[in-house]
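# A structural walkthrough
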Amino acid sequence: MSDIKNLSLFRDLPYINGKWVDCAKTVDVINPASDSVIGSVGCASVQQAKEAILCAEQAFYSWRETTAKNRSLILRRWYDLIMKNQKQLAKILTVEMGKPFDDAMGEIAYGASFIEWFSEEAKRVYGDVIPSYATNQRSLVIKQPVGVVGAITPWNFPNAMIARKIAPALAVGCSVVLKPAISTPYSALALAQLGEQAGIPAGVFNVITGDANKLGAELCSNPIVRKLTFTGSTSVGKTLIKQCADTVKKVSMELGGNAPSIVFEDADVDHAVQEIMISKFRNSGQTCVCTNRIYVHESILDEFVSKFSDAVKGLKIGNGMEKGTQQGPLINKKAMKDVHKIVKDAVKQGASLVLGGKSHSLGHSFYEPTILCDLKQDMDIAKQEIFGPVAPIFSFSDEQDVINKANDTEYGLASYFYSRDIGKIWRVSEKLDYGMVSVNSGILSSETIPFGGVKQSGTGREGSKYGTDDYTVIKHINMSGI
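About the thresholds
- Residues numbered from 1 in each chain as written.
- Predicted model: local features only at pLDDT ≥ 70, side-chain atom pairs only at ≥ 80, totals over all residues.
- Heavy atoms only, no water.
- Helix = DSSP H or I, 4+ residues; strand = E, 2+ residues; numbered from the N terminus.
- Buried < 20%, exposed > 50% of the residue type's maximum accessible area, 1.4 Å probe, protein only.
- Contact = heavy atoms within 4.5 Å.
- Areas by Shrake-Rupley, 256 points an atom, 1.4 Å probe, with all protein chains shown as cover.
- Lys, Arg positive; Asp, Glu negative; His and termini not counted.
- Charge placed at Lys NZ, Arg CZ, Asp CG, Glu CD.
- Phe/Tyr/Trp six-rings, centres within 6.5 Å; stacked < 30°, edge-to-face > 60°.
- Lys NZ or Arg CZ within 6 Å of the ring centre and 35° of its normal.
- pLDDT = per-residue confidence, 0-100.
- Pairing = 2+ DSSP bridges.
- Axes fitted to C-alpha atoms, helices over the stretch in contact; angles between N-to-C directions.

### Points about the overall build of the chain
Scanning the chain from terminus to terminus reveals 13 helices and 20 strands. Each principal axis of the C-alpha distribution contributes one length, and for the chain these read about 70 × 60 × 40 Å. Taken over 482 residues, the chain has a buried fraction of 56%. If you take every contact in the chain between residues at least 6 apart in sequence, the share linking residues at least 24 apart comes to 72%. Surface accessibility of the chain: about 19,200 Å² in total, with carbon and sulfur atoms responsible for 51%. One way to put it: in the chain the 53 positive side-chain charges average out to a point 5 Å from where the 51 negative ones average out.

Dropping the structure here:
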């Protein structure tokens, strides 16, 4: 089923103050698997963005006074509705983004898990009583919602990245104006519709679709917005931080990555192949935590490359709505061409092409899963975020040397390595300069863990008990005369 217009959750207008608002302009949304137009979505004007922010401010004052328990109940109803409509949401996601349907089903459940988690955390935003220097004083510390939150989310996880940001904001009492990626607006609008059904009050959750530059600039410059949260490229993140500087907003940035996967000589090679397949080719390589560089110890290099190549050859490529598809298209033709340029440049610089290396026979935005070997650390591909189904394999011989190479990047989001030596596991985990380290597993994200990076991969953490911190401010109350 590729036609999503007849689904009850299909919406094509911005959602502001509990209403679907008409727009003077629209933009076509393209199915990357067929290159066909799905539909047209309304483009909110800057004035409509201002109105959404004003409505969010008005709603904030009552929402923050809603008890944590009642906010919790509303979020729990939202979670239940999402899971009840999981298949509809997955169909919308697959058609607008290209992700295989089974993976889309997984994303819906993954996104919903954050709403469930923060529905529970809403009741656990605790403060402190600090021992005072004076006998007649008490120092209290409370956490309060930061205010109106502007959220800008990407196309690669058009459901989960929204849930991961909106759930903690709403849980602590903030209101939100969301600007989703214009390539994948329907997932965001469907979530807004379910949120309304769950009882989220008008103005508490608003969705403005349209021009990223204009709407993003308004969210950054408007003084009513007290917090901006963004997931996307490092270059765009830097621009947003600069735009937020004049109003000194609180910001959290989940930016680019260049994740290494290190396979040590004592690793279980079969297991490492299996896990790196998950990490590298999930979402056709279009995730910020995808394995971007594979370092394999020279003593097991040939074995690893042989087994890894066999596994990659077995991937089924196709339209995400076709049963059994494991690899869908890239988000658009430009993305496909960008990935191909990275491969061509690597080969030109001396890399050996083991598998793939060209656009897929299916055409449109499809690219063949690709393996490159004989790579050097000074090649461009060692520094770039590929964002596609390309696996560059480097060899190494020394533990400290491979740690240095893994850390040789401006990014610091996710990292992976494979070993059965407990001493090495401790040493390497502590020395990898990343916000997240995964040992012997290609999956590291869940609602229970703090997701985020260091260096130019961003600031802040999403998920876990720490996930509400970015949406609260700490207030000290000094009580004297006691």
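### Let's talk about the packing of aromatic side chains
A full pass over the atoms with the stated rule returns 11 aromatic pairs. An angle of 55 degrees between the planes, with centres 5.7 Å apart, marks the rings of Phe60 and Tyr61 as tilted. Feature note: the residues Phe264, Phe396 and Phe417 constitute an aromatic cluster, connected by ring pairs. Taking the ring centre of Tyr471 as reference, the NZ or CZ of Lys227 above it sits at 4.1 Å.

### Topic: the environment of Gly257
The residue Gly257 is located in the loop between strand S11 (250-254) and strand S12 (259-263) in this model. Counting along the chain gives 119 residues from Gly257 to Lys376, while the straight-line C-alpha distance between them is 19 Å. Ignoring any residue separated from it by four or fewer positions in sequence, one finds Gly257 in contact with Cys288, Glu385, Tyr411, Leu413 and Ser457.

### What to know about the confidence of the model for the chain
The pLDDT averaged across the chain works out to 97; a share of 100% of its residues lies at or above 70. For the chain, the element scoring lowest by mean pLDDT is strand S5 (residues 128-130), at 95; strand S8 (residues 175-179) scores highest, at 99.

### Focus: the sheet that holds strand S20 (residues 472-480)
Taken in spatial order, the three strands line up as S5-S6-S20 in an open sheet, and their pairing is antiparallel. Looking along the sheet, the strands with just one partner apiece sit at the ends: S5 and S20. Strand after strand, the sheet turns through a mean of 25 degrees between neighbouring axes, direction not considered. Here S5 runs beside strand S6 (residues 137-145); their pairing, made up of three bridges, is antiparallel. Note that in S6 the partner of Asp128 across the bridge is Val141.

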